[in-house]
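Below are the chains, spelled out letter by letter.
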Amino acid sequence: MNAVRPVCIMAISLPLLAGGCDDMSKQDRENPYASRNSAPADIAQGTVPYHDAPHPVPPLTAGLLQRGRSEYHAFCAPCHAETGNGDGMVVQRGFPAPLPLVTPDGHALPSRHVYDVITVGQGIMYGFAQRIAPEDRWAIVAYLHALARSQHATRADMTPEQQASAQ
Ligand code: HEC
């Protein structure tokens, strides 16, 4: 009887232990899977883990957009292209083409989704948590909204000075 007992205790406590680990993984901290190529096996396909607490969204300024533009050109445009349509230089050399980051009607993908994909990657795209600081990830997100909008800009979006110089 005595020999059986520890086994029973193990059998009961293991699921509890596993549950405990899950809770810990939801605590606020840097995401340990950030530099992996894909989400860990227990994360549903097409989703990203949410235990990397988002950095507060910085206020939208011209400086933030400029920062986002240069970060996007450095880290994303090689694959996603300067236009966001997904035929960047790396793709032209044979890397699988991503879907466009801007919709045909001029919208960027949802901000939080883009922030999370930059952080942990998605599918064959690796994450950038080690290389792009959280504020700069939001800067890229902001820039993508501006990029999407710019592709559907009309004369009405221009300042009077711009309209004059575009004639
Ligand atoms: C090495 C090429 C490469 C680089 C560099 C790259 N991506 Fe990607 N990205 C991809 C590919 C390929 C996919 C599609 C991945 C999949 O689902 O298998 C993708 C997917 C995405 C998605 C998901 C799109 C969707 O439809 O849900 C977003 C958002 C994204 N990338 C943003 C970025 C941003 C922002 C950067 C720069 C910080 C970046 N990517 C850098 C190749 C790249």
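Quick look at the structure, then. Numbering of residues starts from 1 in each chain and follows the order in which that chain's sequence is written. The model is predicted, so local features are restricted to residues of pLDDT at least 70 and side-chain atom pairs to those at 80 or more, both for listing and for counting; the totals for chains, interfaces and linings are taken over all residues. Heavy atoms throughout the structure, all of them, feed into the side-chain values; hydrogens and water do not.

Only N, O and S atoms count as donors, using a 2.8 Å limit from the metal and a wider 3.2 Å limit for Na, K and Ca, and since water is excluded some coordination spheres may look unfilled. His80 (NE2) and Met125 (SD) make up the full set of protein donors to the iron atom of the ligand, lying at 2.0 to 2.1 Å. With six donor atoms in place around the iron atom of the ligand and angles of 85 to 178° between them, the coordination shape is octahedral. Of the two residues, His80 sits in helix H3 (residues 77-80) while Met125 sits in strand S2 (residues 125-126), which places them 45 residues apart along the sequence. We classify His80 as buried; its relative accessible area is 11%. Think of it in three bands: residues with accessible area under 20% of the maximum for their type are buried, residues over 50% are exposed, and the middle band is partly exposed, with areas taken using a 1.4 Å probe on protein chains only. According to the relative accessible area criterion, Met125 is partly exposed, its value standing at 24%. Key to geometry: four donors with every angle between 85 and 135 degrees are tetrahedral; four donors are square planar and six octahedral where opposite donors lie over 155 degrees apart and all remaining angles lie between 65 and 115; all other sites are irregular. Per the convention used, a helix needs a DSSP run of H or I reaching at least four residues, while a strand needs a run of E reaching at least two, with both numbered from the N terminus.

What follows covers helix H5 (residues 111-120). Of all ten residues in H5, seven are buried, a share of seventy percent or more. Restricting attention to buried positions, one finds in H5 the residues Val114, Tyr115, Asp116, Val117, Ile118, Thr119 and Val120. Here a residue-residue contact requires only that any non-hydrogen atoms of the pair lie within 4.5 Å. The inward-facing, buried residues of H5 abut strand S1 (121-122), S2 and helix H6 (134-150).

Between the rings of Phe, Tyr and Trp (Trp by its six-membered ring), a pair exists once the centres lie within 6.5 Å; its type follows the angle of the planes, with under 30 degrees stacked, over 60 edge-to-face, and the other angles tilted. If you walk through the whole model with that rule in mind, you get four aromatic pairs. When the centroid spacing of 5.9 Å and the interplanar angle of 70° are considered together, the rings of Phe75 and Phe128 count as edge-to-face. Placement of the pair is Phe75 in helix H2 (residues 62-75) and Phe128 in the loop between S2 and H6, with a sequence separation of 53 residues. Assessed through its relative accessible area of 26%, Phe75 is described here as partly exposed. What makes Phe128 buried here is its relative accessible area of 6%.

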